[in-house]
Amino acid sequence: MKRLPLLVLLLLGSLSVNALSVETYDFDQEKNLVKNYDFEGLGVHPWRAFSEDSSILFRVNIDQNESVTGNQSLVVEILGENRQSEVFLATGEFPVKKGQIFTFSLYAKTEKSREVVISVDKNYSKVDYGWKSIFIGTDWSEFSLPVYITEDGTAEIKINLRDASINGKVWFDAVRFYEEY
Ligand SMILES: [Ca+2]
């Protein structure tokens, strides 16, 4: 019985080393325009999930057991038997100017591999500033999209989970939208 505390200490030690190694990546967070980009607080605000199909069942939460940075991530869970409708994840709009070049990047993983579209568009219009189809797997991976602004106004980053007939959890962490100089 005396060996148990030592074993627990060793396990805790190895966990904290792993956590440190994924936390140290080279990026200046001052450049990041995304609010709540690493989901280390209590809530999901200002992120929101929505679908134009009101029959789709999904929920958005903070997951305290999965992360790339810190200890938490954002998780979207699609539940039940759904049609192939789209579920979007989005955050607020950013003021942008014609000619600016941004990068939109994020880390993601999922319970069941799925195709997801990441994009940046001008809200309430058909103007796309960047668009990419990505394949999210069961391990954390980083994805990135170059964004070219062609009009003054606002832009919004969007994540389209596309096929709500594939249910399960999809996690996101370390989301960035920053200008390239
Ligand atoms: Ca995090």
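Preceding this paragraph is the structure being described.
S.K.: Explain the sheet that holds strand E4 (residues 88-96) to me, please; I cannot follow it from the model alone.
M.R.: With antiparallel pairing, 5 strands are arranged side by side in an open sheet as E1-E4-E9-E6-E7. With one partner strand each, in any of the chains shown, strand E1 (48-50) and strand E7 (128-136) form the two edges of the open sheet. Averaged over all pairs of adjacent strands, the angle between their axes in this sheet comes to 25°, without regard to strand direction. Pairing of strand E6 (residues 114-121) with E7, which is carried by 8 bridges, proceeds in the antiparallel orientation. When the sheet's bridge partners are listed, Val117 is paired in E7 with Ser133.

S.K.: I'm lost on the sheet that holds strand E8 (residues 141-148) in this one. Help?
M.R.: Within a sheet, adjacent strands bond to each other through the backbone by hydrogen bonds, running parallel or antiparallel. Sheet architecture is open: 5 strands sit in the order E2-E3-E10-E5-E8, paired in antiparallel fashion. Since the sheet does not close on itself, it has two edges, and those belong to strand E2 (57-63) and E8, each with one partner. Neighbour-to-neighbour, the strand axes of this sheet turn through a mean angle of 25°, independent of strand direction.

S.K.: Got a minute to help me understand the pairing of strand E3 (residues 73-79) in this structure?
M.R.: Moving residue by residue along a regular strand, the side chains alternate between the two faces of the sheet. Where burial is concerned, most of E3 is hidden: 5 out of the 7 residues are buried. Here E2 pairs with E3 via 7 bridges, running antiparallel. Looking across to E3, one finds that Arg59 is bridged to Glu77. Strand direction decides the pairing type here: E3 and strand E10 (residues 168-179), joined by 5 bridges, are antiparallel.

The rules behind each value
- Residues numbered from 1 in each chain as written.
- Predicted model: local features only at pLDDT ≥ 70, side-chain atom pairs only at ≥ 80, totals over all residues.
- Pairing = 2+ DSSP bridges.
- Helix = DSSP H or I, 4+ residues; strand = E, 2+ residues; numbered from the N terminus.
- Axes fitted to C-alpha atoms, helices over the stretch in contact; angles between N-to-C directions.
- Buried ≥ 20, exposed ≤ 12 C-beta atoms within 10 Å, placed from the backbone.

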